[in-house]
Amino acid sequence: MDIKTKLRGDYVQVDAVAWQPFPEAFSTGGIKWKLLHVSPEVGGWTAIFACPADSSFARHIHVGPGEYLLTKGKMEVRGGDQEGGSTASALGYGYEACNARHDQTSFPEDSEFYMTFLGPLQFIDEAGETLAVVGWEQAQVLWAQQTGQG
Ligand code: ZN
């Protein structure tokens, strides 16, 4: 067994980081993101997302739980209040359980939210077949490519 090294802390001046486009395979309407942290220790990753009015995320399952803080605007999760899900309004906090399936997460107005994912997001098609799995490693690779560090 290899001797593990203790991980350092991390700090990001969020407003000094440029937004990058979140891939269109996983979203529509021009969603942008900033990857703030990845944690191999717990398999987690943390990002902030800017979501223009009428944007949405593609169908996905939270393989692990996640916590978010909606800092601006409105987010309809699991169909929103009208369909038995949640409609979050800033300033709003939410917890999404392990294996939560989100067929559409949409933004009726310009919104921003911060989220920590404890595990990957599994993007699926309508039948539930896996299209992509985005965990801390994939998020880190994508971010490194987009910011020229890859
Ligand atoms: Zn979700």
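Residues numbered from 1 in each chain as written. Predicted model: local features only at pLDDT ≥ 70, side-chain atom pairs only at ≥ 80, totals over all residues. Heavy atoms only, no water.

What follows covers the overall build of the protein. In terms of regular secondary structure, the protein is built from one helix and 15 strands. Compactness check: the protein gives a C-alpha radius of gyration of 15 Å against a globular reference of 15 Å for 150 residues, within 12% of the reference. Overall size of the protein, expressed as C-alpha extent along the three principal axes, is 50 × 35 × 25 Å. Here the protein holds 150 residues, and the buried ones make up 41% of them. Sequence-distant contacts, at least 24 apart, represent 67% of the contacts inside the protein between residues at least 6 apart. When the accessible area of the protein is evaluated, it comes to approximately 8,500 Å², of which 51% is carbon and sulfur surface. (Helix = DSSP H or I, 4+ residues; strand = E, 2+ residues; numbered from the N terminus. Rg over C-alpha atoms; globule rule 2.2 N^0.38 Å. Buried < 20%, exposed > 50% of the residue type's maximum accessible area, 1.4 Å probe, protein only. Contact = heavy atoms within 4.5 Å. Areas by Shrake-Rupley, 256 points an atom, 1.4 Å probe, with all protein chains shown as cover.)

Here we come to the coordination of the zinc ion. Looking at the metal site, the zinc ion is ligated by His60 (NE2), His62 (NE2) and His102 (ND1), spaced 2.0 to 2.1 Å from it. For the zinc ion, all donor residues lie on one chain, and their spacing in sequence is H-x1-H-x39-H. Of this pair, His60 sits in strand β6 (residues 60–62) while His102 is found in strand β11 (residues 100–102), placing the two residues 42 residues apart along the sequence. As far as burial versus exposure is concerned, His60 and His102 are alike and both buried. (Donors = N, O, S within 2.8 Å, 3.2 Å for Na, K, Ca; no water.)

For the structure shown, the criterion picks out three salt bridges. Arg78 serves as the salt-bridge partner of Glu96, at 3.0 Å between the closest nitrogen and oxygen. One end of the pair, Glu96, is in strand β10 (residues 92–96); the other, Arg78, is in the loop between β8 (74–77) and β9 (86–89), with 18 residues separating them in the sequence. Here Glu96 falls in the buried class, since its relative accessible area comes to 3%. Owing to a relative accessible area of 32%, Arg78 belongs among the partly exposed residues under this scheme. Residue Arg101 pairs with Asp103 through a salt bridge whose shortest N-O separation is 3.0 Å. Each of Arg59, Arg101 and Asp103 takes part in a single network of salt bridges with overlapping partners. (Salt bridge = Lys/Arg side-chain N within 4 Å of Asp/Glu carboxyl O.)

Turning our attention to the sheet that holds strand β4 (residues 44–51). Note: strands within a sheet are paired through backbone hydrogen bonds, in either parallel or antiparallel orientation. A sheet is described by the order of its strands in space; here six strands give the open sequence β1-β3-β4-β13-β7-β10, paired in antiparallel fashion. Every interior strand has two partners, whereas the edge strands, β1 (20–21) and β10, have only one. In the sheet, strand β7 (residues 66–72) pairs with β10 via five bridges, with the strands oriented antiparallel. Counterpart to Gly66 in the pairing with β10 is Glu96. Running over the sheet, helix α1 (residues 136–146) touches β1, β3 (32–39) and β4 and is turned about 130 degrees from β3. (Pairing = 2+ DSSP bridges. Axes fitted to C-alpha atoms, helices over the stretch in contact; angles between N-to-C directions.)

A few words on empty space enclosed by the protein. Empty space among the atoms can be located by rolling a probe the size of a water molecule over them. In the structure shown here, the tally under the stated rule is one cavity of 30 Å³ or more. Counting only elements with at least two residues in the lining of the largest cavity, the list comes to β6, β8, β13 (111–118) and β14 (121–124). No other element matches the three residues that β13 contributes to the lining of the largest cavity. (1 Å grid on protein atoms, 1.4 Å probe; cavity = no way out; pocket = protein on both sides within 12 Å on 5 of 7 lines; lining within 4 Å. Points joined across faces, edges and corners; volume = space filled by probe spheres on them.)

What follows covers the nonpolar core. In this structure, Trp33, Leu35, Trp45, Phe49, Phe57, Met75 and Phe113 are the most contacted members of the largest nonpolar core, which totals 27 residues. When residues of this core are traced back to their parent elements, those giving at least two are β3, β4, β7, β8, β13, β14, β15 (130–134) and α1. (Core = buried A, V, L, I, M, F, W, Y, C linked by side-chain atoms within 4.5 Å.)

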